[in-house]
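Fold and geometry: a report
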Amino acid sequence: MRKLSLTTAALALLAAAGPAGAQTFTSDEPVLQRIWQLGMEQSETENLAQALLDSIGPRLSGTDMQKRGNDWLIHMYNSWGIAAHNEQVGTWRGWRRGHSHIDMLEPRMRTLEGTMLGWSPGTGGQPVTAEAIILPRFETEAEFEAWLPQVRGRYVLVSAPQPTCRPRAEWEQHATPQSLARMNALRDSINREWAGPNVRGTGLSLALGTGELGLRLEQAGAAGIIALRNKDQAGTYDVFETYNQRAPAITLACEDYGLVFRATEREQNTRLRMNLDAELLGEQPIYNTIATVRGTELPNEYVMLSAHFDSWDGASGATDNGTGTLVMMEAMRILSEVYPNPKRTIIAGHWTAEEHGLVGSRAFTEDNPEIVDNIHAFFNQDNGTGRIVRINAGGIPDAARQMSEWLARIPEEISGEINMPGPGSPSGGGTDDASFACHGVPAFGLGALSWNYGASTWHTNRDTYDKVVFDDLKNNATLIAMLVYLAAEAPAKISRERIELGGGRDWPACQAAPRQTAPRMR
C-alpha cells in the first residue's frame, strides 16, 4: 500500500506541475485565453491516448481494429457535440492478427522475441517445427533455381546477421579506436554483402518484408521466412508486411535473429517451432473518419486539421500516427467548447491507408473537389510525439505571411521555438499534406522534435503509449487549436499564388488514390 501511495503521489505532483509556464499566459483575446486554459490545464490527451493506444491498439488498414478505431472516433466526436461520419474510400486486404509464439528447440530451448509481419498467414492452428536454412549467395539466377528445392519444409533466414546489436552510440562511447574501426568495417562488409535490390544474387527484391523473394520461397515449399530489419536501438526492429499467402513470415529481434543465424551457419541442427494465429480475410472496406463543425458566416470556406489514422501493427501505432490523431482530436474538443460557431467550416480528416500510398487523403480530394477548391488553410502533423518546432507553408507566400501574423498572436511559451523559413516548398509525398499541396491548397506541414523517432518508434515494435510525451502533446493541441481559430476568423482567404520552384522543377502532380490492394499484394 505504501508503494502504491508513493507512486500515486508522485504522479499527482507531475500532473500538478504541468508544462513550464502553464499558468503564466494572459491575453486580451478571450478565445485564445480559454484555449490555453483548456489545452494546457484541462487536457484530455492522456485519457484519449489510453483509450486509443492501449484499448483499441494498432490500426492496420483493412483490419477490424482499424474499423473499431473509426467508430471510436465518431463516438468521441459525438460526445463533444461534433458531427462525424465514416466515408468509405475503397477496400484493402483484410487480416486478423493473433498470437505469435516462436521457440528455438535445438541446439537449445529458447523462446524467441519476434512477431509475424503484417498480413502474414498463420500456421493453420497447429505448431509447425522445422529446420532453419540460410539464404546463400548466388552467382547466377540459375544457381538460385537449382538451390530452391532445399527450402522445402524449412524456415529460411533471408536477412543480414548483425555482428553486434549494441547501438552505435555505445561503441563510440566505450570502444577503443581500433575496436570501433574493426566493428565499423565488419558492419559495412556485411551490409554490402546483403544489401541492394538483388538480395544475395537472386535477382529478386526483398522489399520491406519478404517481397518477391518471399513469394518464390513460398512457391518452393518453405515452411516460413524469417527476416530482420533492426534499428540502431537495443531491442527495436521494424515490422512491415509480407505478400505471402501460405508460408508465414516473421521478424525476430536482432539478438535472437543472430542466435538462430549463428547456430544455423555452424550446422548445429537448428530447429524452430512456430505457432502463429492469423487469418487472411480478402478485400475489406476502409474508411476515412471526417468530423465537421459548420461555419456560420462562410460555411463554404474550410479550415482543415489532418492526421492519418492507420498504423503498422508491430506495437500500438503511438507516435505514427496516434499522436497526430490525438492532437487533432484534442484541438477539435477544445474548439467545440470555446468556438462552437466558427466563421468558416472546420473539418478534421483522419485518413486511412496513408502507409500504403496516401490512400485516404488522396481519395478525399478526389471525392470532395468542392471542399478542396475552397480550403483556406490546411494543417497536417505526422512525425512523432515531440512539440512542433517547424512549419512549412507549402510553397505559398501568402500562407507564410498569414502564419507569421498568427504566430505573433500566440503565446511565446508554445510558439517561441517554431522556425518557419519563408514560404518553403510543396510536399511531394510521404505524408498527407502532399495530397492537398498538389492541388495548390495552402497546406501547412507541422514538424516536431524527434525524440529519437526514426530509430526508436517509427514503424517498430516499440511504438507504444509510454513513448508519448504528454507535455509536448498538450503544447501541440493548444497551438493547433489557436491556429485553427485564427485561420477561421481571418478576414480574407489565403491567396494560392505559388512560388517558382526553380531548377527545372515542376509543382508536384496529383496522383490517383489506390482504391484497392494491388493484385501482387493479395
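Further up the page is the structure itself.
1. Observations regarding the overall build of the chain
The number of helices and strands found in the chain is 17 helices and 13 strands. In terms of C-alpha radius of gyration, the chain reaches 25 Å, essentially the compact-globule figure of 24 Å for 522 residues. Counting only residues that meet the buried cut, the chain has 56% of its 522 residues in that class. Considering only contacts within the chain whose residues lie at least 6 apart along the sequence, 83% involve residues at least 24 apart.

2. Quick notes on the packing of aromatic side chains
All told, the structure shown has 17 aromatic pairs when counted by the stated rule. When the centroid spacing of 5.6 Å and the interplanar angle of 90° are considered together, the rings of Y77 and W80 count as edge-to-face. Each of the two residues, Y77 as well as W80, counts as buried. Relative to W312, the ring of W119 lies with its centre 6.2 Å away and its plane at 80°, an arrangement referred to as edge-to-face.

3. Quick look at the state of the cysteines
Counted under the stated rule, the structure contains two disulfides. Paired through a disulfide, C165 and C254 show a sulfur-sulfur distance of 2.1 Å. Here the disulfide of C165 and C254 is left-handed, its torsion about the S-S bond being about -80°. Placement of the pair is C165 in the loop between β5 (155-157) and α6 (168-174) and C254 in helix α9 (residues 254-265), with a sequence separation of 89 residues. For C165, a relative accessible area of 23% puts it in the partly exposed group. For the chain, the disulfide bridges join cysteines in the arrangement 1-2, 3-4, where the cysteines are counted in sequence order.

4. Details of helix α10 (residues 318-338)
Between the first and last C-alpha of α10 there are 28 Å, a value that for 21 residues agrees with the 30 Å anticipated at 1.5 Å per step. With respect to burial, α10 is a largely interior element, 20 of its 21 residues being buried.

5. Brief notes about the side chain of T345
Along the chain, the position of T345 falls in strand β10 (residues 344-351). Given the relative accessible area of 1%, T345 is considered buried. When neighbours within four sequence positions are excluded, T345 is seen to be in contact with T292, V293, R294, G295, L298, P299, E301, Y302 and V303.

6. A closer look at helix α3 (residues 45-56)
The terminal C-alpha atoms of α3, which comprises 12 residues, lie 15 Å apart, in line with the 16 Å expected from a rise of 1.5 Å per residue. Restricting attention to buried positions, one finds in α3 the residues T45, L48, A49, L52, L53 and I56. Projected down its long axis, α3 shows its buried positions confined to an angular sector of 115°, all on one face. Next to the buried residues of α3 lie α4 (64-79), α10 and α17 (470-489).

7. Some remarks on unusual backbone geometry
P107 follows E106 through a cis peptide bond whose omega is 5°. By the secondary structure assignment, P107 is in the loop between β1 (83-106) and β2 (110-111). Residue N321 is bonded to the preceding D320 through a cis peptide linkage, with omega at 0°. Take N321: it is sitting in helix α10. Of note, W119 is a non-glycine position whose phi angle comes to about 65°, a positive value. On the secondary structure map, W119 appears in the loop between β3 (114-116) and β4 (128-134). Taking the relative accessible area as the measure of exposure, W119 reaches 0% and is therefore buried. With a phi close to 50°, W451 is a non-glycine residue in the positive phi region. Its place among the elements puts W451 in the loop between β13 (443-448) and α16 (453-456).

8. Topic: the packing of helix α2 (residues 30-41) against α10
One can describe the packing of α2 onto α10 by two numbers: an axis separation of 10 Å at closest approach and a directional angle of 130°. One way to sum up the angle between α2 and α10 is to call them oblique. Where α2 crosses over α10, the two elements pack in a sense that is right-handed. Residues V31, R34, I35, L38 and G39 of α2 form the contact with α10, whose participating residues are E330, R333, I334, L335, E337 and V338.

9. A look at the pattern of salt bridges
In a structure, side chains of opposite charge can pair up when their charged atoms sit close to one another. Applying the stated criterion across every chain, the model contains 28 salt bridges. Among the ionic pairs, D103 bridges to R273, the shortest N-O distance being 3.2 Å. Of this pair, D103 sits in strand β1 while R273 sits in strand β8 (residues 271-293), placing them 170 residues apart in sequence. Taking the shortest distance from any N to any O, the salt bridge between R401 and E405 comes out at 2.8 Å. Within this pair, R401 and its partner E405 are both found in helix α13 (residues 397-408), separated by four residues, close to a single helical turn. Judged by its relative accessible area of 42%, E405 falls in the partly exposed class. One salt-bridge network, in which partners are shared between bridges, spans R96, D277 and E279.

10. Re the pairing of strand β9 (residues 298-308)
By the criterion of burial, β9 is predominantly enclosed, with eight of the 11 residues buried. Pairing between β9 and β10: eight bridges, direction parallel. Each residue of the ladder has a partner; that of L305, found in β10, is A348. Running through α10, the crossover from β9 to the neighbouring parallel element β10 is right-handed.

11. Thoughts on the nonpolar core
Grouped together as the largest cluster of nonpolar side chains are 72 residues, with contacts concentrated most on I35, F379, W406 and F444. Of the residues forming this core, the biggest block, 13 residues, is contributed by α17. In contact with I35, other than residues within four places in its own chain, are I334, L335, V338, T478, A481, M482 and Y485.

Each value, and the rule that gives it
Residues numbered from 1 in each chain as written. Predicted model: local features only at pLDDT ≥ 70, side-chain atom pairs only at ≥ 80, totals over all residues. Heavy atoms only, no water. Helix = DSSP H or I, 4+ residues; strand = E, 2+ residues; numbered from the N terminus. Rg over C-alpha atoms; globule rule 2.2 N^0.38 Å. Buried < 20%, exposed > 50% of the residue type's maximum accessible area, 1.4 Å probe, protein only. Contact = heavy atoms within 4.5 Å. Phe/Tyr/Trp six-rings, centres within 6.5 Å; stacked < 30°, edge-to-face > 60°. Disulfide = S-S within 2.5 Å. Expected span 1.5 Å × (residues − 1). Arc of directions from axis to C-beta. Axes fitted to C-alpha atoms, helices over the stretch in contact; angles between N-to-C directions. Parallel < 35°, antiparallel > 145°, perpendicular 65-115°, else oblique. Left-handed = near helix turned anticlockwise from the far one by under 90°. Salt bridge = Lys/Arg side-chain N within 4 Å of Asp/Glu carboxyl O. Pairing = 2+ DSSP bridges. Right-handed = clockwise from strand over helix to strand, strands pointing away. Core = buried A, V, L, I, M, F, W, Y, C linked by side-chain atoms within 4.5 Å.

From the geometry alone we can't say anything about function, so treat these as descriptive.
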